[in-house]
Structure formats: C-alpha cells, structure tokens
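Secondary and tertiary structure notes
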Amino acid sequence: MKRQWRERTERMAAELLEVPKDTLEHVPRITMIGNLQIVIDNYRSILTFEGTTVRIALAKGEVAIRGERLVLKVIVPEQIVIEGIIFGVDFTPA
Amino acid sequence: MLGQNRMLCRGEFGAAVFEKRHSIRFWRAGAIDFSGQIGGLPVTVRISEFWSGSVRARIMRDPNRKVLSALIAREVPLYDVHSLEDHGYELTLNLRHVWELITVTRETSAKLRFLDKFGLPFVLWRAGRRKVFLAGAAFFVAVLYVLSSFIWHVQIAGTDQPEAVATALEKLHIYPGGLLYKVLDQDSVQMALLDALPDISWIGVRISGTSVYVRVIPRTPLAPPVHTDPQNIVAADPGVVANVLADHGQALVKPGQFVPQGTVLISGILEDGKTVHADGQVRAIVWYRTDLTLPLQTVVDTLTGSYVQHDYLVIGGLPIQVWGFSHPPYKYTEVQSHDTPVTLGDVKLPLVWRVEKVYEARPHKTVWALKSLIDRGLHFAAKDVLAGLSGEAKVLRQNVLQRKVEHGNLYMTVWTEVLQDIGTPQPIASEPAKQ
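Residues numbered from 1 in each chain as written. Chains lettered and ligands numbered in written order. Predicted model: local features only at pLDDT ≥ 70, side-chain atom pairs only at ≥ 80, totals over all residues.

Below, the discussion takes up the interface of chain B and chain A. Across the contact, 18 residues belong to chain B and 17 residues belong to chain A. The set of elements that each furnish at least two residues to the side of chain B that touches chain A consists of α3 (66-73) and β2 (78-84) of chain B. Top element by residues in the side of chain B that touches chain A is β2(B). It accounts for six residues. Counted by class, the side of chain B that touches chain A contains nine nonpolar, six polar and three charged residues. Across four bridges, the pairing between strand β5 (residues 62-76) of chain A and β2(B) is antiparallel. (Contact = placed C-beta atoms within 7 Å. Helix = DSSP H or I, 4+ residues; strand = E, 2+ residues; numbered from the N terminus. Nonpolar A, V, L, I, M, F, W, Y, C, P; charged D, E, K, R; others polar. Pairing = 2+ DSSP bridges.)

It is worth spelling out helix α4 (residues 98-107) of chain B at this point. An α-helical segment advances 3.6 residues per turn. Residues three or four places apart therefore align on the same side. Residues and elements named next belong to chain B. Every buried residue of α4 is accounted for by V98, L101, V104 and T105. The buried residues of α4 occupy an angular sector of 125° when projected down its axis, which confines them to one face. Of the exposed residues in α4, the ones pointing more than 90 degrees away from its buried face are T103 and E107. (Buried ≥ 20, exposed ≤ 12 C-beta atoms within 10 Å, placed from the backbone. Arc of directions from axis to C-beta.)

For the rest of this paragraph, the subject is the packing of α3(B) against α4(B). Residue and element names in this part refer to chain B. Their axes nearest at 9 Å, the elements α3 and α4 cross at an angle of 135°. The angle between α3 and α4 falls in the class oblique. In the packing of α3 onto α4, the handedness of the crossing is right-handed. Mapping the contact onto sequence places V67, A70 and L71 in α3 and E100, L101, V104 and T105 in α4. The residue inventory of the contact of α3 with α4, partitioned by class, reads five nonpolar, one polar and one charged. (Axes fitted to C-alpha atoms, helices over the stretch in contact; angles between N-to-C directions. Parallel < 35°, antiparallel > 145°, perpendicular 65-115°, else oblique. Left-handed = near helix turned anticlockwise from the far one by under 90°.)

Pasting the structure below:
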C-alpha cells in the first residue's frame, strides 16, 4: 500500500513537473540504433540468452529481443548492450 | 594479481585449463576497434582491460544460463557474450574476476574452459619466462643510454672560420665523440665562447639531445680610428729621396735629395703654426752592404724512401724498445721520431709512446761553378736585405764589391740598392703648439 502510494506520487510529480520518465530510477531506458544495437539501462537480470532471443527481466515485467546472431556486447551493472540483427522488441508487463 | 595469473596460466585448478594452441597476443584483433561500435561504452574501458588483462572463457552445458546470471548478480562486467550451440556460450571478462567465474561455475554443473588470454599481465608473464629476451631489452636500454651520453654532431653556422670556433668548443669538451656530462649548460658555454673568441659579437649555443648547434654572428670590423696626435714623418734610414706623397702635413724634401737618418721628411707643423698628424709615403733609394760566405761544395741528403720503424715506450725518460728491432744495412740514415703521450681517459700517464723512423739517406755532393755561386750569393743578399724591411720594397741594382776564394769558400761583399719607404712617424712635443 505504502509502495503503491509512493509510486503514484512519484509519477504524478513527474507528470506535473514534466520530468522525463527515464530519470525515475526503476524505469528501464531502451535505446536502439537502427536494428543493429540495443542498449538497455536499468535492467534486472537476463532470463534467457540464445543467438535468436534474449529475454531480459526489468523492474516491472520483461523485454524479449528477437533477432539473429545476437551478442551481449557489454554487460555492466545498470547497462546491457546487445548487438546483432534485431527483428523485434516485445514487452511483457508484470 | 600477477600471482593469480601465473596459477591460471599453469592450469593448476580443476576444470579451468587453457587451450595451449592459443598463443599470446596483445589484444585480439578487433577487440579494440576505434572506428566501429564498441558496445556503447567508451574505448577507454577496453584499454583499461588491456592494462589489467582479460580472458576469454567458454561455458558449456549451461542451458539455464546459471553462470551468466550469477556473474550478472555479482556485478561482474562481461564483454562479447556469444551464444553457442549445445547450451554453451563464450564470454570475455577481466582477469580480476576470473576466480569469481571459477567459483560460480563450480556451484553449477556447467563446464568451464579458458580459450584465450589478452593484455599486459600476460605479456609480462611471458616476457619474464624469456630471460634472453629480457636481457636483450636491458642491453638495448643500456646501449641507448651509453650512446646518448656522447656528442654525435656539432654544427657550426654563420662563420667563415669554423675551425677557430671548433677549437674553442673542443676546450669546452664539445666535439663529436665527447662526453655530454662534461659539457656545461648552454648559457655557460655561450659565455665561455664569447670570452674565448674576440672576433664574434654574439654566439648562440643549443644543445639538443646529442647534437650541439652553434650559431655565430661575426663582429663587423670597425673603421680604424683617425689619429689626431701631432707627428712628423722622419727618415728611418739615410737615402736618396725618389718620390714624396704627403697625405697630411707639409713635404720638406724633394726627389733626388740625400737625407741623413732622422731628417724631417713631412712636417706636422704647418706654416701658420698649426700642428697636424703628418702622414704619407717617402720612397728613397737606400744602399746596403752584405758580407757572404758560400761553400764551393755542398752535400745534400735525399731519402730513398725505404725505412724501418722502431717503437719505444719511454718511462720517466728511459726509452724501452718494444717493437721493431731490425737494424737495416743503411750506410747513411736520417732519424725522425714522434712522441705521443699515453693517456687513460683524461689522466696523463707518465709514459710516452715514441715512434722512431730510420730512413735510408743518400748524400748528394754538388760542386758549384763560380758564376752560379755568385748568382746565388746575389740572390741570398737580396733576400736577406728584403727580409729585414717591412712594407713595399724593391731591389733596384746589385753589385759585387769584393770577392775572394779561400779555404774552399767564396767570400764576397754585395752592394744592394733598394727602393723603400723610409718614412717613420715621430710625435711632436705639444709645447710649440701652445706658444
């Protein structure tokens, strides 16, 4: 209850002050460069990893990247960089 | 850190074994790719990986990616994670996280294999095993150091007498092959050269590495100072005046006039009583008598070209023959010896190396005819007279006054008539000018 209230207030404040949503910490930021590279900030963990699919757990829900010859170029805390030929990005809400 | 590498490289732990077919490389080709994409991270990250070293590992039989998840959970940075067939994958990680990888793998049923190793720690480890290579590197540094402590090149510019500058530089230990540590700093060298060379107005010295560049600005010669002190021109020798050229002052003699020594030729005291610095040229005919003795026979030694060399080491004045002991059957010899002091670095030892060359000589006896001997005598007399004169002088006539052959010699007296400048300056005492 308390957490929900906190989240609601944060979102309300962000909308009121027109703060970009990615400044809220627990929201992932996903940047794509063409269909060649995808950078995901604020990820939680990697669920599966194959050459054709990468499923990444986010704070809420998960994201699945479909493609070909996918490579996890860099994995550091807070950021993950995937390269390859990307076909699609599917979100699954929690 | 390095201790860990060593163990790792020797393969002293369970499943983690390097495949020996992989050779050490500085960095895998393409890993540092400045032009392409490097995973969205700055290049410096990858360069820091080079300094600390990184390894490429293959994890097999891990369908649920437990190792990968565990490493991510431990916040271990990973690079270039490739998926393989048969539930395997490859990843690159920093050397300091290798033990975490091994620990994590042991907790699962996955198999770990190290494929490749990159970076400086491995290069150093490998170099440390090659003793001769290390010795070569050390030798190279030592040789470079030794060679760079010499002066290799001295360049002198801006003077038409570089030899004089080079000699002065040599006294300051600046010459090709000299030691750099003996050389003072630029400014001191500059000051010393300015003191040593009076004909220069400025000198610039630049010591750059093993080269010394010297730039000279020569002094422009000044116009000779104008003399103002009053003086007369008087006769230095008695003679008959041939011509008078008075630049300053009043000529008191005429051509054809005989003047005894000390006669005022050009006066510095003008008719109105003013005194000037008399100057000019008074040429006169002067007579000389020369007495000569010439031998009728002369013996001249010529060298045949063959010689023997004897080498001596002179210790405290005592020569000890060390090389060349032959005694040639020369009837006439001429000996030339050359001494070189023996030095050790800069220290002069009390030793002298003496090279003695004994040349074979051949005497030539010449018997002179009286006519040619008289000619020789006249020639010698003229040379002797002119040698004692300064400035322009010309022999006008010569006469043999007396000659006598006695005791194998020709005794003769020669009379030589010379046209010469007899004027010499004599200062005027300033008292008459005041009156």
